[in-house]
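# Coordinate analysis (summary)
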Amino acid sequence: MLVSNVPPVVGQRPVWLDDKTKSIMDRAIAREQFLSRLLMTYIVTGLIFMLLPGTFLGVWNLIKISSREAAESISPAWIQAHGHAQLFGWVATFILGIGFYSIPKLRKLKPFALWEGWMCWALWTFGVIIRWFSNIYPWHWRVLMPLSAALELVAFLIFFQAVARHRPTGGAPKPWEPWIFVVIAATLGLLASLLLNLGASIQLARHANSPSFPREFDQRYLIVSTWGFLVPMVWGFSSRWLPVFMGLRPLRNPLLLTALGLNTAGVVAGFFGHLAMAGVLLLTGAGIAIAAIRFFEPAAKAAKTINVHRSFPVFIRIAYGWLLIAAALGLWASLMNEAPGISGASRHALTVGFIAAMIFCVGQRVLPSFCGMRVLWSPRLMLVMLTLLVTGCTLRVASEILAYQDYAKWAWDILPISALIELTAVTLFAINLVATFARPPVVVTSPLTMTTE
Ligand code: HEM
């Protein structure tokens with residue numbers, strides 16, 4: 001039986017669908033709504049980790065360090081609680097949510113069962129929360145730290161089999177494009193980080209007196225979780241989306257794979273303590289990735305900046321500039337004997353200047369539409385927060401080198417200011433996304449019009 005089940009739009013003829021097609025469409029729409037809800041839950045969870053256990057604790061730590069003018073004056077467990085909340089509580093939670101939403105669609109895979117997405121979220125969130133508490137209040141930490149690491153690993157395995165298990169739905173399998181190899185390498189970097197975290201947590205529980213990784217292991221572990229996981233993940237999604245969003249010339253795929261190879265070799269060298277070699281490999285890899293995606297060459301088409309601030313391509317280029325600065329500072333630190341100011345500055349050039357700035361730019365470009373066809377609440381606020389983030393990061397990186405390395409005493413006074421500027425930037429980012437999710441979805445009533453309900 002034919003039913004007039006799609007409301008006609010003025011000027012268009014009614015669309016008639018048979019029952020079977022209508023029920024397929026209804027199921028597809030319902031699934032899309034569930035997926036958007038799942039993604040919004042991951043994003044809001046990530047924002048909470050970013051604000052309180054992550055950035056607020058980071059600011060608190062930095063204010064204490066600056067008031068005592070001594071980098072080693074606060075507990076390593078508190079620093080690691082901040083780092084874990086930012087890398088795994090914020091960034092990885094975003095990546096898991098976006099992965100659940102987009103990877104099966106991009107690869108045209110069979111849909112996964114929705115309970116897998118919710119189960120992964122529950123185990124992951126619980127794992128990251130108890131890790132933070134066992135670092136901050138060492139209550140039963142010998143049980144809670146390994147438990148947290150095990151929960152995070154199980155959550156990851158649920159994610160991995162949900163987005164990688166299924167075969168394509170029909171026809172000959174599509175050959176893998178190079179960006180997929182980059183995302184797979186990043187996913188293996190996440191798996192390696194989680195396994196290291198579990199092994200080290202068990203070791204600590206059995207033999208140590210406090211819930212913090214020893215400094216040398218921590219530095220090597222951070223190379224895996226930043227350069228081995230986050231950096232290739234950003235490269236992968238950059239090469240998938242940015243040529244379109246920024247109107248760039250076609251990707252140089254062989255160069256992208258070369259950059260990935262050098263980066264992976266750099267991570268392995270760094271993990272085994274060959275820091276100077278790692279520095280050279282990571283810097284060369286970053287330069288080649290930029291040449292592969294062609295950020296600094298004249299664009300082939302106009303950038304697609306509808307619904308975001310038109311400065312979007314400028315901030316993406318600035319973020320990739322920070323990637324080079326982070327790699328160069330890492331190489332410099334490796335050539336010095338012990339340089340906590342330079343290695344700390346390199347880490348924040350990477351995590352704030354590159355990773356956070358990329359999430360601010362690309363996140364505000366894609367998340368509103370992924371989360372139920374919404375429009376970003378305020379593109380102008382996006383400009384303000386990105387300007388604040390870059391300003392705070394510049395002050396932080398420069399003054400961390402000057403203060404921690406004892407090059408200039410006055411730089412201690414700049415550090416708390418940089419922290420408050422960065423805190424304002426991340427708070428505005430959270431406000432813009434939450435206000436966006438609170439807006440009604442956009443309804444496409446005809447190919448020519450877009451309205452809100
Ligand atoms: C308001 C912004 C931030 C402030 C004030 C801040 C502050 C700090 C401080 C004081 C440290 C101790 C080491 C050092 O002095 O360099 C630190 C370490 C660290 N931060 Fe941040 N941070 C901020 C943002 C971020 C972001 C956005 C990320 C990641 C996305 C991040 C990841 C890390 C990591 C991984 C460490 C090393 C932890 C460890 O040693 O295990 N931070 N941060």
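The present account deals with the structure reproduced in this document. As the structure is a prediction and not an experimental result, all values here were calculated from the model.

This paragraph deals with unusual backbone geometry. You will see that Glu69, though not glycine, has its phi angle at about 50°, which is positive. You can see Glu69 is positioned in the loop between α1 (19-68) and α2 (76-106). Backbone geometry at Arg294 places phi at a positive 65°, although glycine is not the residue there. Tracing the sequence through the fold places Arg294 in the loop between α8 (275-293) and α9 (312-335).

What follows covers the site of the ligand. Close to the ligand lie 25 residues; His82, Asp218, His348, Glu400 and Tyr404 are nearest. Separating an oxygen atom of the ligand from a side-chain N or O atom of Asp218 is a distance of 2.8 Å. Within the contact set of the ligand, an oxygen atom lies 2.6 Å away from a side-chain nitrogen or oxygen of Tyr404. Elements with a contribution of two residues or more to the shell around the ligand: α1, α2, α6 (215-245), α10 (340-370), α11 (379-404) and α12 (411-438). By residue number, the principal contributor to the shell around the ligand is α2, which donates seven residues. Looking at side-chain class alone, the shell around the ligand contains eleven nonpolar, nine polar and five charged residues.

Turning to the coordination of the iron atom of the ligand, a few remarks are in order. Note on the iron atom of the ligand: its protein donors are His82 (NE2) and His348 (NE2). The metal-donor distances range over 2.1 Å. If you look at the iron atom of the ligand, its six donor atoms make angles of 83 to 179° with each other, and the shape they trace is octahedral. Separated by 266 residues along the polypeptide, His82 in helix α2 and His348 in helix α10 bring together distant segments of the chain. Just as His82 is buried, His348 falls in that class too.

Let's shift gears to the packing of α1 against helix α3 (residues 114-136). Viewed as axis vectors pointing N to C, α1 and α3 meet at an angle of 5°, and their least axial separation amounts to 11 Å. As judged from the angle between their axes, α1 and α3 are roughly parallel. Between α1 and α3, the contacting residues are Arg31, Phe34, Leu35, Arg37, Leu38, Thr41, Tyr42, Thr45, Phe49, Pro53 and Leu57 on the first element and Leu114, Gly117, Trp118, Cys120, Trp121, Thr125, Val128, Ile129, Trp132 and Ile136 on the second. Among the residues making up the contact of α1 with α3, the classes are represented as 15 nonpolar, four polar and two charged.

Remark: α10 packs on α11, axes separated minimally by 8 Å, with the N-to-C direction vectors making an angle of 175°. Put simply, α10 runs roughly antiparallel to α11. Looking at the contact of α10 with α11, its residues break down into 17 nonpolar, five polar and two charged.

Cut-offs applied
- Residues numbered from 1 in each chain as written.
- Predicted model: local features only at pLDDT ≥ 70, side-chain atom pairs only at ≥ 80, totals over all residues.
- Heavy atoms only, no water.
- Helix = DSSP H or I, 4+ residues; strand = E, 2+ residues; numbered from the N terminus.
- Near = heavy atom within 4 Å.
- Polar contact = N/O pair within 3.5 Å; in protein donor to acceptor, adjacent residues only side chain to side chain.
- Nonpolar A, V, L, I, M, F, W, Y, C, P; charged D, E, K, R; others polar.
- Donors = N, O, S within 2.8 Å, 3.2 Å for Na, K, Ca; no water.
- Tetrahedral: all angles 85-135°; square planar, octahedral: opposite > 155°, others 65-115°.
- Buried < 20%, exposed > 50% of the residue type's maximum accessible area, 1.4 Å probe, protein only.
- Axes fitted to C-alpha atoms, helices over the stretch in contact; angles between N-to-C directions.
- Parallel < 35°, antiparallel > 145°, perpendicular 65-115°, else oblique.
- Contact = heavy atoms within 4.5 Å.

By themselves, these are just geometric observations and shouldn't be taken as functional.
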